[in-house]
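So the chains spell out like this:
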Amino acid sequence: MELTSIAMDATGLTLLSGSGDPMGSIGFLDDPTETLAYLTDALGAEPVVETSYRYVSSGTPVTVYRWGGLLLQVALNPDRPDERRMGANFVEPSLGAIRLVGPGGLVVGDPMSEAPGPIAVGSYEGSPNAPRYLLGDPAPVTRYSETYDEYVQGFDDPATGTLAEIMAPAAAYGGPIWRPFA
């Protein structure tokens, strides 16, 4: 089977064949080292280190690995085992022949008018883009004694009305802990 698309939901990524059969999956709480090795093998290429930064709230170091239009954000902090360890961004519609697909089949560049019922949310502090859209089914999360939902988040390009970036996970009550890159 040949890998033809990677689908994103609020919990991770699913690698799909041309017939739509799952070939593998990555959860955002999976081991980052194993995930990097798995994606490198599945995509047949080493990632480029795009950048690194620190979470504003915790100072946890984050390294961003890039395979074309797919970015994997990896946070490694052994002192904070409950902190989310990975997030993903799609900033292009495909990675060569591999489509990068969000909820409802959306890809970067699609008109926002075709989004399957996104929930428009106002801008949040520090956001370079407004509004943001929460897409697809929520994933309930409990962390630090708080329960909330996480989604796939879409950012639009106001000049064109198209989807500029898809990223996950994003908390329903505020901005993502991951950086947007589009």
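Here the structure is shown first, and the text comes after it.
One structure accompanies this document, and this report is about it. (Residues numbered from 1 in each chain as written. Predicted model: local features only at pLDDT ≥ 70, side-chain atom pairs only at ≥ 80, totals over all residues. Heavy atoms only, no water.)

**Quick word on helix α1 (residues 32-43)**
- Here α1 is 12 residues long and its end C-alpha atoms lie 16 Å apart, about the 16 Å a rise of 1.5 Å per residue gives.
- Residues Pro 32, Thr 35, Leu 36, Leu 39, Thr 40 and Leu 43 constitute the buried set of α1. Across the axial projection of α1, the buried residues extend over an arc of 130°, all falling on one side. Exposed residues on α1 whose side chains face more than 90 degrees from its buried face are Thr 33, Glu 34 and Asp 41.
- Residue Asp 31 occupies the N-cap position of α1, its side-chain oxygen lying 3.1 Å from the main-chain nitrogen of Thr 33.
- In the segment just after α1, Gly 44 is the residue with positive phi, at about 70°. (Helix = DSSP H or I, 4+ residues; strand = E, 2+ residues; numbered from the N terminus. Expected span 1.5 Å × (residues − 1). Buried < 20%, exposed > 50% of the residue type's maximum accessible area, 1.4 Å probe, protein only. Arc of directions from axis to C-beta. Polar contact = N/O pair within 3.5 Å; in protein donor to acceptor, adjacent residues only side chain to side chain.)

**So, the sheet that holds strand β1 (residues 3-9)**
- Taken in spatial order, the 5 strands make up an open sheet running β3-β2-β1-β9-β8, and their pairing is mixed. Each having just a single partner strand, β3 (22-27) and β8 (94-95) make up the two edges of the open sheet.
- In the sheet, β1 pairs with strand β9 (residues 98-101) via 3 bridges, with the strands oriented parallel. Bridging from a neighbouring strand, Ile 6 pairs with Leu 100 of β9.
- Packing of α1 onto the sheet brings it into contact with β1, β2 (12-17), β3, β8 and β9, and relative to β3 it is tilted by some 150°. (Pairing = 2+ DSSP bridges. Contact = heavy atoms within 4.5 Å. Axes fitted to C-alpha atoms, helices over the stretch in contact; angles between N-to-C directions.)

**A closer look at the nonpolar core**
- Counting residues in hydrophobic clusters, the biggest one holds 31 residues, and the most contacted among them are Ile 6, Met 8, Leu 13, Leu 43, Trp 67, Leu 70 and Phe 90.
- Apart from residues no more than four positions distant in its own chain, Trp 67 is found in contact with Leu 36, Leu 39, Thr 40, Leu 43, Ala 45, Glu 46, Pro 47, Leu 72 and Leu 95.
- Formed by 10 residues, the second largest nonpolar core is a distinct cluster that contains Tyr 53, Val 64, Leu 71 and Phe 155. (Core = buried A, V, L, I, M, F, W, Y, C linked by side-chain atoms within 4.5 Å.)

**Some remarks on unusual backbone geometry**
- Note that the residue after Ala 168, namely Pro 169, is joined by a cis bond; omega there is -5°.
- In this fold, Pro 169 is placed in strand β13 (residues 162-171).

Geometric descriptors of this kind do not, in isolation, establish any biological role.
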